[in-house]
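Architecture at a glance
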Amino acid sequence: MELIVNGKRREVTDGASLTVLLNELNINPLRVAVQLNLEIVKRERYGKTVLKAGDRLEIITFMAGGAE
Amino acid sequence: MVYGSRFTVDRKSHRALARPIRELSTVNCPPASWGFYVLTDRSLTKGRPLEVVVDAALQGGVNAIQLREKDLSARALYELAQRLLPIVHSRRAVLLVNDRIDLALTLPIDGVHLAQTSLPPVEARRLLGPRRLIGVSCHTVQEAIEAQNGADFIVLGPLFFTPSKAAYGSPIGLERLREVRRHVRLPILGIGGITASNAAQVIEAGAEGVAAISAVMAADDPAGAVRDVLHAVKSGLAVRARRVEPL
Amino acid sequence: MEKSDVLTFAGRRFRSRLIVGTGKYPDYLSMQRAHDASGAEIVTVAVRRVNLDRTQESLLDYIDTKRYTLLPNTAGCYTAEEAIKTAILAREVGLSDLVKLEVIGDQRTLFPDNEELLNATRVLVKEGFVVLPYTNDDPVMAKKLEDAGAAAVMPLGAPIGSGLGIRNPYNIKIILETARVPVIVDAGVGTASDAAIAMELGCDGVLMNTGIAGAKDPVAMAEAMRHAVLAGRLAYLAGRIPKKLYATASSPLEGMIE
C-alpha cells in the first residue's frame, strides 16, 4: 500500500504496523517521535498501530541546527 | 488550546514538571518594593500595646510586618496574629509570621519568615504553596544561595552592631552584602543596627530594602521613625539609579 | 568561588555556564570535538524530519546523551502554534523535557515575535515543559516571560549569527536587576571577549552556536569560550574595581628616594 512518509510517497507492505515500517526504514524507535495523520503515536503503541493506505506519517528526530 | 483540534496530546505521559508560577499573596506588594520590613518585639515598646505601635508604623508607610515574639506559645501567637491581621490588612500591608508555618496555614497570614534553624524553605514552600511569601534570614553567601530554593526574599545581617542581634554574632558588614548581591537573584533586605542614617548606604550596597526591630518598636514616634527610614531608603535607591555600573 | 556556584534552573544543576549548539559545523566529528573542548553540559538540537536516505549519519551518534543534556529548539517556527507542535514532538522523542523556545518574527534579523513567544510560553509551561525562551533585550518582556513560568530568560546579545557581541549591555543589566530566574544571553556572541562581557555583567550563562561552529578552528574557539565564560564569571564574583577618570597610585608616597 502507499503511504506518505515525511512528505514523500512510499510503498509499504499491506497491513504493516509502525514497528515494521520503522524496521524497514532502519530507524531506531528510541530516537524518534511519530505523528500519524496529525496525532502523536505513543511509542508503546508502535507495534499495535496498523497502517492504512493513504496514511500521512511524520517521523521526527533531533538534527543538527539552530536558527534557520 | 492554540494548536489544531485534531492534534491530540496524551496527558498521562506528561510528568509533573511544571514549576509553580509564584504569584504573591498581595500582587501589589512584592518584597522588592517594600523598602522597609518591620519586625515586632513587644518587650521594646515601653509599655505600649503592640497593636498600637504596629498601627503607628503602618501609618508611617511601612508595607510589611513580621510578627516575631519567639517566646510566645502557639496559642498566644495565634491570638495576637488574629488581632494584628485586620490592622495590617486594612492598610493594604502584609503580615508575615516568624517560623510558625502552622500559624500561616490556619490564618490568612501573608507569609512566613524562616531562620536558619527553621524548616528549610523548600519544605515551607511545599506546605504553603506558590502564593504565600517566604522570607529567609541569612548571614552567609552559602545560606543565601540555598535560600533561593523556595524563598521569595532574604534578610541579610547583622550588617551593623545591634543589641537585639548581639546573640547572632558579630556584624557581617556591607562587603558581605555586596558579595551576596553578586551571587543571588532574590530581593535582599539588610538588617542589624539599621537607622535612618545608615539605611541609604545599605541600599547603595545592593539591598532592595532594610529591616529593623528597635528603630521602630522602641521609638517614641514609630510613624516618624518609619518615615525617616523610608526617606533614606528612597535616597539610596536614587543614588543607585544614577550610578551606572561599569560594564 | 563558592563550590555551589552552579547554573540551576527547573531543579537541575550544571557546572558549566556555556551552552552550545549543533548547527553549521563542517562535520559531525569536529562538532563532537568542539563540544568536548567547550566543557558544555547542555547542547541545543533542532527538531526535524528523519532523513530517510539512510546513507547519512545521525547526529545523535555524535552526542553522548549520558554526558550532555539535550535542549531541543523550535528553530524555524514563526507562530506559537508551530512552536508548540514542535516542542510536543520534541518531547515525544523521549530524550528531553526542556525546550529552547524560538518564535521568529522576521526572517532577516531572526528577531523573536514576542507576542507569539509569550503565548507559546504560557501553553508549554501549562503542559509541563521546562521553557527557555529566546527573546530580545526588553526588560518588560523578560518579566512577562518569567511571570508566565519560563525557567530562564534568554535575551539576545545581537542577531543570531551576527557576531556583533552584546549590543545593549545596559538593557541586559536592567533585566539582571529584575529577573528572578537565570538570565542566559543567547545569540550574537562572536568571540571570547563577548562571552566574558556577558558573564561580567552578571549573566548566569551564555548560549552560542555560530560563534564556535563558524570559527576557522571551531575546536580552539570552543576552548576559548570555555575559558571566557569561566573568567567572566570569576571576575564578576570577585567584585571589580570601580572605573575612574584619573589615576590612583598603587605605591606609597612615603619613603621616596630623593
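What counts and how
- Residues numbered from 1 in each chain as written.
- Chains lettered and ligands numbered in written order.
- Predicted model: local features only at pLDDT ≥ 70, side-chain atom pairs only at ≥ 80, totals over all residues.
- Heavy atoms only, no water.
- Axes fitted to C-alpha atoms, helices over the stretch in contact; angles between N-to-C directions.
- Helix = DSSP H or I, 4+ residues; strand = E, 2+ residues; numbered from the N terminus.
- Parallel < 35°, antiparallel > 145°, perpendicular 65-115°, else oblique.
- Left-handed = near helix turned anticlockwise from the far one by under 90°.
- Contact = heavy atoms within 4.5 Å.
- Nonpolar A, V, L, I, M, F, W, Y, C, P; charged D, E, K, R; others polar.
- 1 Å grid on protein atoms, 1.4 Å probe; cavity = no way out; pocket = protein on both sides within 12 Å on 5 of 7 lines; lining within 4 Å.
- Points joined across faces, edges and corners; volume = space filled by probe spheres on them.
- Pairing = 2+ DSSP bridges.

**Things to note about the packing of helix α1 (residues 50-60) of chain B against helix α2 (residues 74-90) of chain B**
All names here are of chain B.
- The interhelical angle for the contact between α1 and α2, taken along N-to-C directions, is 25°, at an axis separation of 10 Å. In this view, α1 runs roughly parallel relative to α2, as classed from their interaxial angle. Once α1 is placed against α2, the crossing between them reads as right-handed. Only Leu80, Arg83, Leu84, Ile87 and Val88 of α2 make contact with α1, whose side of the interface consists of Leu50, Glu51, Val54, Asp55 and Leu58.
- For the contact of α1 with α2, the residue count by class is 7 nonpolar, no polar and 3 charged.

**Brief notes about empty space enclosed by the protein**
Residues and elements named next belong to chain C.
- One pass over the full model with this rule turns up 2 cavities of 30 Å³ or more.
- The space that makes up the largest cavity amounts to roughly 210 Å³.
- Contributing to the lining of the largest cavity are 19 residues, with Lys100, Ile160, Asp186, Asn209 and Thr210 lying nearest its centre.
- Where the lining of the largest cavity is concerned, the elements lending two or more residues are β10 (205-208) and α7 (210-213).
- In terms of residue class, the lining of the largest cavity is built from 7 nonpolar, 8 polar and 4 charged.

**Describing the sheet that holds strand β4 (residues 111-114) of chain B**
Residues and elements named next belong to chain B.
- One closed barrel holds the 8 strands; their spatial order is β1-β2-β3-β4-β5-β6-β7-β8, and the pairing between them is parallel. Strand after strand, the sheet turns through a mean of 25° between neighbouring axes, direction not considered.
- By the bridge criterion, 3 bridges tie strand β3 (residues 94-98) to β4 in an arrangement that is parallel. Across the sheet, residue Leu96 finds its bridge partner in β4, namely Gly111.
- Most of the contacts of helix α6 (residues 173-183) go to strand β6 (residues 153-156), to which it runs at about 160°, and overall it touches β6 and β7 (188-191).

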